[in-house]
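# Understanding the architecture of this molecule
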Amino acid sequence: MDQREWVDRLFRDHAEELCRYLRSFRMSEEDTYDLVQDTFVKLLHAKPSDLRQPKSWLFTVARNQAINKLKHDSILPVNPHVEGIEDESLGPLTRMLEDEEQAMLWQAFSKLPARDREMMSLYLEHDFPYRQIARVLGRSEVSVRVAMHRSRNQLKKWVREMEGRNHEAIQKRRECVPEERA
Amino acid sequence: MRQSRKGENVSRRKELDQRLQSLLKGRQVPVDEERLESMRQSLLKQVPGRDPVSGSGFLPRYRFALAFGAAMAVIGIFVLQPHSPLRQGDPKLSVAYELRGLMKDEDQLDHLLVLLNDFVSTRSQEGAIIDKEFYNRSLSGRYQGNDLFETFYEWMYQPAESENSVSM
């Protein structure tokens, strides 16, 4: 496979996904496409030894560029590598969800720290294995595994709490109805 | 009991992952496909003609062929060396053959000298002279390695009569 075919295949496989990933940050549409283009241009000049995992390479470069851009625009937390990047697409989806259980899960997910959300998104949405997530986020694989485990537990806990509150609210409403009729 | 609890945890984890995955993948983030297509076209125009995976340049491109060639050469040396015509017959020649290989690497000069010492000390008075000559020359440093080898060679190829005369 020559380089033209190789770049073409990578672009077809990952450009759209990369757009979605970058759009989930506080990134304008214009900036998103610019960053995707810059990332693929960098791919053309990358060292072959760096490209053994091209997908994680693309995400790492795109993420670093996004962080630089957001830093430049002064809309990032002090240390985005630690605190993560805010995902803007969380709000609209919460409104779109009709299923109560899904809505609760999404609400719980929105409460997670941005860095944990990004990590879960890379694992579940972009299908990265732990090792590559560690590479993209600049952390160790062990810390990613531990953080994923904790995030899952946190999500379960919050969902249980929300279910409990909902259950109580329903009970109260039922108790109130006969009183009103009486 | 433990296993079943663990299994339950795993299945709960899977269930949570699946639910969250369907939510995350279901996010409708619009992507401008026309724009991506034009980006792809412009990108492909910038692609240089090298193979990215095997790398640029002669060495990265032919690294497998080179590695195979080197491996075959090493195997060849080890397999064929015992059957080499140089190794048959005159013991001097076999030592010379080994020395020739050693001298390619100047770092092994010390080893060479040890080898020579072993060789010449088993010989006659002439051997002792040669031995002394080697060590004298070696004092001037490793750059004299080729010189030493030439001396040894000269000694080795001198006429048999002189060797006999000395030993007598």
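Structure first, text after, so check above.
To keep things clear, this report deals only with the structure shown in the data block. Sequence order as written defines the numbering, with residues in each chain counted from 1. Chains and ligands are labelled by the order in which they are written, letters from A for the one and numbers from 1 for the other. Predicted model: local features are reported for residues with pLDDT of at least 70 only, side-chain atom pairs are reported and counted for 80 or more only, and whole-chain, interface and lining totals are derived from all residues. Side-chain calculation: all heavy atoms of the structure are included, whereas hydrogens and water are not.

### Considering the overall build of chain A
The secondary structure content of chain A amounts to nine helices and zero strands. Helix and strand definitions follow DSSP, with helices as H or I runs of at least four residues and strands as E runs of at least two, each counted in order from the N terminus. Across chain A, helices and strands are ordered from the amino to the carboxyl terminus as α-α-α-α-α-α-α-α-α. Relative to its 182 residues, chain A shows a buried fraction of 46%. Restricting the contact set of chain A to residue pairs at least 6 apart, pairs at least 24 apart contribute 60%. Working definition of accessibility: Shrake-Rupley area with a 1.4 Å probe, residue cover restricted to the visible protein chains. Surface accessibility of chain A: about 9,900 Å² in total, with carbon and sulfur atoms responsible for 47%. When a residue's accessible area, from a 1.4 Å probe over protein chains only, is under 20% of the maximum for its type it is buried; when over 50% it is exposed; and in between it is partly exposed. Residues count as neighbours in contact if any of their non-hydrogen atoms are within 4.5 Å of one another.

### Brief notes about the packing of aromatic side chains
Residue and element names in this part refer to chain A. Here is the rule: rings of Phe, Tyr and Trp (six-membered ring for Trp) pair when centre to centre is within 6.5 Å. Planes less than 30 degrees apart are stacked, more than 60 are edge-to-face, and the remainder are tilted. According to the stated counting rule, one finds five aromatic pairs over all chains in the structure shown. Plain terms: the ring middles of Phe59 and Phe128 are 4.8 Å apart, the flat faces sit at 80 degrees to each other, and that makes the pair edge-to-face. Separated by 69 residues along the polypeptide, Phe59 in helix α3 (residues 54–72) and Phe128 in the loop between α7 (114–125) and α8 (130–137) bring together distant segments of the chain. The class for Phe128 is buried, based on a relative accessible area of 2%. Joined through ring pairs, the aromatic side chains of Tyr21, Phe59 and Phe128 make up one cluster. Against the face of Phe128 rests Lys55, its NZ or CZ located 4.6 Å from the ring centre. In this analysis the charged atom, NZ for Lys or CZ for Arg, is taken to sit over a ring once it is within 6 Å of the ring centre and within 35 degrees of the ring normal.

### Things to note about helix α1 (residues 3–23) of chain A
Helix length check: α1(A), at 21 residues, gives a terminal C-alpha distance of 28 Å against a target of 30 Å (1.5 Å per residue), a fit within 8%. Bend, in this description, refers to the angle at a residue between axes fitted to the seven residues ending there and the seven starting there. At His14(A), α1(A) shows its largest bend, some 45 degrees. The span one expects for a helix is its residue count, reduced by one, times 1.5 Å.

### Considerations on the nonpolar core
Phe40(A), Leu43(A) and Leu20(B) are the most contacted members of the largest nonpolar core, which has 59 residues in total. It is α1(A) that contributes the most residues to this core, nine residues altogether. Leu20(B) has contacts with Leu105(A), Phe109(A), Met120(A), Leu124(A) and Leu155(A), leaving out every residue within four places of it along the chain. Buried residues of nine kinds, namely Ala, Val, Leu, Ile, Met, Phe, Trp, Tyr and Cys, make up a nonpolar core once their side-chain atoms join them within 4.5 Å.

### What to know about the interface of chain A and chain B
Counting residues at the interface gives 46 residues for chain A and 32 residues for chain B. When chain A packs against chain B, the two sides together hide about 4,000 Å² of surface, and 63% of this comes from carbon and sulfur. A per-residue breakdown of the area chain A buries against chain B is headed by Gln3(A), Tyr33(A) and Leu124(A), which together make up 17% of the total. Salt bridge, as applied in this entry: a Lys or Arg side-chain nitrogen positioned within 4 Å of an Asp or Glu carboxyl oxygen. Counting every contact that joins chain A to chain B gives four salt bridges. Where Arg40(B) meets Asp8(A), a salt bridge forms, and the shortest distance between an N and an O atom there is 2.4 Å. Whenever two N or O atoms come within 3.5 Å, that pair is a polar contact, provided that in protein one can donate a hydrogen and the other can accept it, and provided that, for residues adjacent in sequence, both atoms are side-chain atoms. Here chain A and chain B share nine residue pairs in polar contact (both at pLDDT 80 or more) between them. Sorting the residues of the side of chain A that touches chain B by element identifies α1, α2 (29–44), α6 (100–111), α7 and α9 (141–181) of chain A as the ones contributing at least two each. Accessible area, probed at 1.4 Å, shrinks when two parts are joined; the buried area is that loss added up over both.

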